[in-house]
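# Fold and contact review
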Amino acid sequence: MRSALTILFLLITVTAFSQTNSAFISGRVVDENDKPISRVSIVILGKQSGITTDDSGHFRIKVPASKSLGLVFSYTGYNELQKNFYLSIDEEEKVTIQMERGSQTLKNVEVSTEKERTETGLVKINPKNAITLPSTTGGVESLIKILVGSNNELTSQYSVRGGNYDENLMYINDFEIFRPYLVRSGQQEGLSFINPELARNVNFYTGGFQAKYGDKMSSVLDIQYKNPSGFGGSAYISLLEQGLHLEGAAKKGKMSYLFGVRNRSNKNLLKSQETVGSYIPSSSDVQAFITYKLNNKIQFELLGIYSVSKFTLFPESVQKTTSVFSPFFTANLGLDVAFEGQERDGYKTNLIGLSLVHTPNKKLRLKWMVSRFQNKENENFDIAGQYLFGDRDFDQTSSTYGQIVNPLGAGYYQNYGRNELDINVYNANVKGSYAAGKHVIQFGNSIEQTNITDRLKEWEYQDSAGYSLPYNPAQLNLYKSINSTADLSIQKYSGYVQDNIRLGKNNNITLQAGVRYNYNSLNKEFLVSPRMQVSLKPNWKKDVVVKLAAGAYHQPPFYRELRSYNGTLNTNLLAQKSYQVVAGVDYNFKGLGGRPFRISTEAYYKSLSRVDVYDIDNVKIRYAGNNNAKAYAAGFEARLFGELVKDAESWLSIGIMQTKEDLDNDFYYQYKNAAGEIINAQSTDQVAVDSIKNDVGFVRRPTDRLITAGLFLEDYLTTNKNFKFHLNLLYGSNMSFNIPNSTKYRNGLIIEPYIRVDAGFSAQLLSEKSKRRSHSPFRSFQNIWASFEVFNLIDRRNTISFQLIKDFANNVYAMPNRLTPRLVNLKIVGRF
């Protein structure tokens, strides 16, 4: 009896406790027309199970009381909706939830298209993530850097599998885009050419791409802008960038329009640079894409882009420091420079492209295109610097703390430049596809006229310890002088044909085989590039796809490759040739909590001949202007895509790579004295009696980097999805840097590893459009988000290049040029 009473007491206590710590939410779920929606999933945020609405759209769910919670409503074909509550004990709140048709803002990674899995090197990128990603440059290119690595947060340029910036193709709605050529450093760059708010589809190929894409050796970025069916838009403002975009349809859906305008200033980034001075950067662009459907078979498309960037700098001073550690001594070497002068640069880019899309029948599709692209660039600088170089005092108790106390060198230099570049590219082409059974044949042909006008006038004066360099007591010589002009008119012809075939009983084999040609009137070279890709999805229990690609990727010179170090132009320069093999495996599997994950791996090898070697200083690429080297690149990449947290997209990318080059006839001599000892050839107290010829052989290329890693991570509060966290992490092992005019030590300097972490914290300020009052100023907005971003969270000032300084004994020292420290940014984004 006593036991029974005890059990009864416990049951009453538990029942009472549960009753006094719970509440209820009930109501009805309807669509935009107030019609009930049945079988809507309702889950407490952070829980794995929940309830569904009945046939009348009604529901009643038990929830914890006296705590904040969120209910997540989801149904196929409708935007997911979250509503937050805080209820007292035993309280019941009745609500009406109105859901809107559409797609989620975040791309769901549990369904990956077959195209992404079967095409070699393809990574599909969600352009919406470019807005939420914490990044100094923003744009789609920031997402690409997570995949392929980076060494400069101030530029939107990227290097893929050992290639340089000039080896990447970019298309917007099938029109080719060209990057600026006179830009020397990332701080001079403005906006990315791509407006992510206008983008609908972004395909990025890291290598082994198909014959339908152009004649470059590294990668393809293929962007398609949206074709909207209704009105919408977005607006955002931050300390770095502001933008507005509108979209809509008219004429009963026959006409659609996209319009975007952006403005950017990197002043907040640059004011923390090592060089103290007045920075005045500005960049803005306007983009528009209009379509008009004449009938079911003919559609017109118009793309227009106009971009202007300006950069002005009045430098004052800079203090650089490098630490030297060896078994024999430790030193902190410093360089102090006082400047005078200024720099003024301007870059204008515009594109106008008109397309006619003709679909005569279901099998045939043709696209006729004409375009004009212009790059108009000028840079004007006249900057002089007086420097002192030596040991810097880092003893905080010393009266000379921070000063150079043991001078090793002093001098004066002046850099002067008046450079102009005008590039006009006129293009007319047709491309099409024809479907016949299991075959889809793609073809295209292009005629292009390129006019280049270049005026290059630069000189550099150097004075070390009171002597001008190079020293000549009879006359004053400049250290470097370039005075060159060029007027080029080049006709280019290119085309391709490619067959896409489905094979196998279940169409589990995909084959793309094609060939493209290229001819240009500059060097009169005719190139043929066969390419093939094949994928197989075996009939296994595991969801695996095996891929293989091979082909020729030859790159004719455009403009920069023609310029040698001394400014002369080699119009006989031939195309660089590349033969590539890529093999990969793609695997879908269930991971944490039964959520879908995908891992994609690829191994590749590139054999390059007729290489035009180059040096990279910040983002400036300087070519030798001849075909006197061979090279190779080999590596392995692995990428993991999935939801580490439910409904939060994340990915991890890891790469291992080596790329080296071997110049023709690159050798140096070592000299011996009578005792057989190696001596300095410049020595005056020893006589050389013998010499040894040493062939340099293969050396690291400027883009050689053994390990790259990138992580994009998204998370949210377990009790409220309206508070999100984004993390962007990049790592790249050391890179080489060239010592000018040195055969023995070509690419002999080492840039330390690049490590960077950017973080962003976001909060949804406004949601639930259906619940706003009619007179609310925000009644048209779907949502408004506010973000607080921390750039370079670990405050590591990475090195981008070196400045070479000579001491009084003519020894050369390398002083690192460093990038940005920790900075913060505020951003507000609204969509309507």
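Residues numbered from 1 in each chain as written. Predicted model: local features only at pLDDT ≥ 70, side-chain atom pairs only at ≥ 80, totals over all residues. Heavy atoms only, no water.

### Re the overall build of the protein
- A count of helices and strands for the protein gives five helices and 45 strands.
- Here the C-alpha atoms of the protein give a radius of gyration of 31 Å, agreeing with the 28 Å that 2.2 N^0.38 yields for 832 residues.
- Reported as C-alpha extents along the three principal axes, the dimensions of the protein are approximately 110 × 75 × 55 Å.
- Considering the protein as a whole, with its 832 residues, one finds that 52% of them fall into the buried category.
- In the protein, once contacts between residues fewer than 6 apart in sequence are set aside, the share between residues at least 24 apart is 67%. (Helix = DSSP H or I, 4+ residues; strand = E, 2+ residues; numbered from the N terminus. Rg over C-alpha atoms; globule rule 2.2 N^0.38 Å. Buried < 20%, exposed > 50% of the residue type's maximum accessible area, 1.4 Å probe, protein only. Contact = heavy atoms within 4.5 Å.)

### Points about the environment of Ala-814
- By the element assignment, Ala-814 lies in strand β44 (residues 812-818).
- Residues Ala-814 and Leu-765 lie 49 residues apart in sequence; the distance between their C-alpha atoms is 50 Å.
- Once residues lying within four places of it in the same chain are set aside, the contact partners of Ala-814 are Thr-322, Leu-749, Phe-802, Gln-803 and Leu-804.

### A few points about the environment of Ala-435
- With respect to the helices and strands, Ala-435 occurs in strand β20 (residues 404-436).
- Remark: the alpha-carbon pair of Ala-435 and Arg-365, spanning 70 residues in sequence, is separated by 9.0 Å.
- Residue contacts for Ala-435: discarding those within four places in its chain leaves Lys-363 and Val-440.

### A few points about the sheet that holds strand β3 (residues 50-52)
- On the basis of which strands lie adjacent, the open sheet formed by four strands has the order β3-β2-β5-β6 and antiparallel pairing. Edge positions in the open sheet fall to β3 and β6 (81-86), since each of these has one partner strand only. With direction set aside, neighbouring strand axes in the sheet form an average angle of 20°.
- Here strand β5 (residues 68-74) pairs with β6 via six bridges, running antiparallel. Each bridged residue has a counterpart across the sheet, and for Leu-71 the counterpart in β6 is Lys-83. (Pairing = 2+ DSSP bridges. Axes fitted to C-alpha atoms, helices over the stretch in contact; angles between N-to-C directions.)

### A word on the packing of aromatic side chains
- Counting across every chain of the model gives 25 aromatic pairs.
- Ring pairing ties together the aromatic residues Tyr-171, Tyr-205, Phe-209, Tyr-213 and Tyr-553, which thus form one cluster.
- Its guanidinium or amino end placed over the ring of Phe-24, Arg-60 lies 3.9 Å from that ring's centre, counting from NZ or CZ. (Phe/Tyr/Trp six-rings, centres within 6.5 Å; stacked < 30°, edge-to-face > 60°. Lys NZ or Arg CZ within 6 Å of the ring centre and 35° of its normal.)

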